[in-house]
Amino acid sequence: MHFVSLTDHTPGEHRVALTPNAAARLVDLGATVRLEAGYGGRSFFDDASYRDAGVDFAPRETLLREADVLLTLNPPDPDDLAMMPEGATVIGLMDPFRRTDVVRALVARKLAGICMELIPRSTYAQKMDVLSSQASLAGYAAVLRAAERIDKSFPMMSTPAGTIAPARVFVIGVGVAGLQAIATAKRLGARVDAYDTRPVVAEQVRSLGAKFVELDVGETGETEQGYAKELTPEQLEMQRQQMARVVAEADVVITTAQLFGRPAPRIVSAEMVAGMRPGSVVVDLAAGSGGNVEGSRPDEEVLTEEGIRIVGATNLPSSVARDAGQMFANNMVHLITHAWDAESGRMTLDPEEDPVVGACLLTQAGEVRDERVSKVLAEEDES
Ligand code: NAD
């Protein structure tokens, strides 16, 4: 079975889908792995490391035309998909609710599209869960970015010149990224408050030595998959009103709130940001999916009139590309190994028998298998 991966030209992307170690594991399974020359350069993996792992190199077009499986980190280019053999497989992040052009290209070419965002959040599938592995690194990197951009120290310091109070960090959204942000900020010596609409996380927040902020916004909850339920506009307004004081007292606000398959909730208003001390920093990890913070812009740092920096982060894992790529590649190899049939020396995709494949196989034989994504496509067709 021929696995290929292409050099990723997404601006700001330094991660690779396949590291030399991961490639070696695929070769051990009995697969062939082919890449473009210079593939790992942005993560400082040289061609020789891949060659040692058993990888061959070929031009992009050849790779695509002869691929059984295309491994990709970011959503693939629809023009590339059109060059692949019908019935081949594509594995990677697909951003399916927004990148409907990618979903349509998979369908048109009758490709099996394994969408890594749809890996179930089950204990068994944890090792394949790229959302978690990347969110963890994003949470860590968000704190480092804030620490670098703010005009004060994170830890408390007692010096002969006087005492410096610890930075106050407020983390909004305590999923995988939020938990890692809390842990990192604590390690740097900050005083940390955190809030989430899912009350189940309060204990986890406290166990990290942070304070859980209680807000009364009426009934909240989570879906079967553990994702937050969407708040009503009235609830979001109640949330903003009660949260304004905590935001005003914070030196750093890190927002990580996401809603699966929907735009991120708008939690921090421009007025709340304006209430912060000049020099404070807000890092919006949801900037790429609608933004939790009014005024944040994807991949930009905005300095407000009042002197508050809003960092709109979309790809912080790329700032720790070596580790993030390693984790991503490991997740993908776990998925491939899971679906590998040693007898035939191929991946077998049986969505009826295999619950992991059943959940993440987005397209197959010219059909979209995920109802939520089908709905988005139908709505697009109607409008
Ligand atoms: P996410 O990225 O979808 O969202 C981040 C956080 O934002 C969530 O905790 C969510 O509750 C919160 N949020 C949403 N709207 C909010 C609002 N208006 N105000 C404040 N917070 C808001 O979440 P995630 O990190 O992908 O995690 C989702 C769930 O999946 C969690 O329960 C997590 O523990 C669980 N999970 C389970 C597994 C597993 O079992 N294998 C793996 C990863 C995550």
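See above for the structure.
Scoring rules and cut-offs
- Residues numbered from 1 in each chain as written.
- Predicted model: local features only at pLDDT ≥ 70, side-chain atom pairs only at ≥ 80, totals over all residues.
- Heavy atoms only, no water.
- Pairing = 2+ DSSP bridges.
- Helix = DSSP H or I, 4+ residues; strand = E, 2+ residues; numbered from the N terminus.
- Salt bridge = Lys/Arg side-chain N within 4 Å of Asp/Glu carboxyl O.

A. Representation of the pairing of strand 15 (residues 309–312) in the model. Both strand 13 (residues 281–284) and strand 15 contribute to a ladder of four bridges, which runs parallel. Each bridged residue has a counterpart across the sheet, and for V282 the counterpart in strand 15 is I310. When strand 14 (residues 301–303) meets strand 15, the two strands line up antiparallel, connected through three bridges. For E301, the partnering residue across the bridge sits in strand 15 and is V311. Hairpin connection between strand 14 and strand 15: a loop of five residues separates the two successive antiparallel strands, and G307 in this loop has a positive phi of roughly 90°.

B. Up close: the sheet that holds strand 1 (residues 2–5). In spatial order, the strands read 3-2-1-4-5-6-18-19; together these eight strands make up an open sheet with mixed pairing. Both edges of this open sheet fall to strand 3 (56–57) and strand 19 (367–368), since each of them pairs with a single strand only. Where strand 2 (residues 32–35) and strand 3 come together, two bridges link them in parallel fashion. Looking at strand 3, one finds that R34 is bridged to D56.

C. The pattern of salt bridges, seen in detail. Applying the stated criterion across every chain yields a total of 25 salt bridges. For R60, the salt bridge is made with E36, and the minimal N-O distance between the two is 2.9 Å. Here R60 is found in helix 3 (residues 60–65), whereas its partner E36 is found in the loop between strand 2 and helix 2 (47–52), with 24 residues between them in sequence. The shortest N-O distance in the salt bridge between R104 and E380 comes to 2.8 Å. In this pair, R104 is assigned in helix 5 (residues 100–108) and E380 in helix 13 (residues 371–382), connecting sequence segments 276 residues apart. Residues participating in the shared-partner salt-bridge network are R168, D193, R245 and E249.

All quantities given are derived from atomic positions and should not be read as evidence of function.
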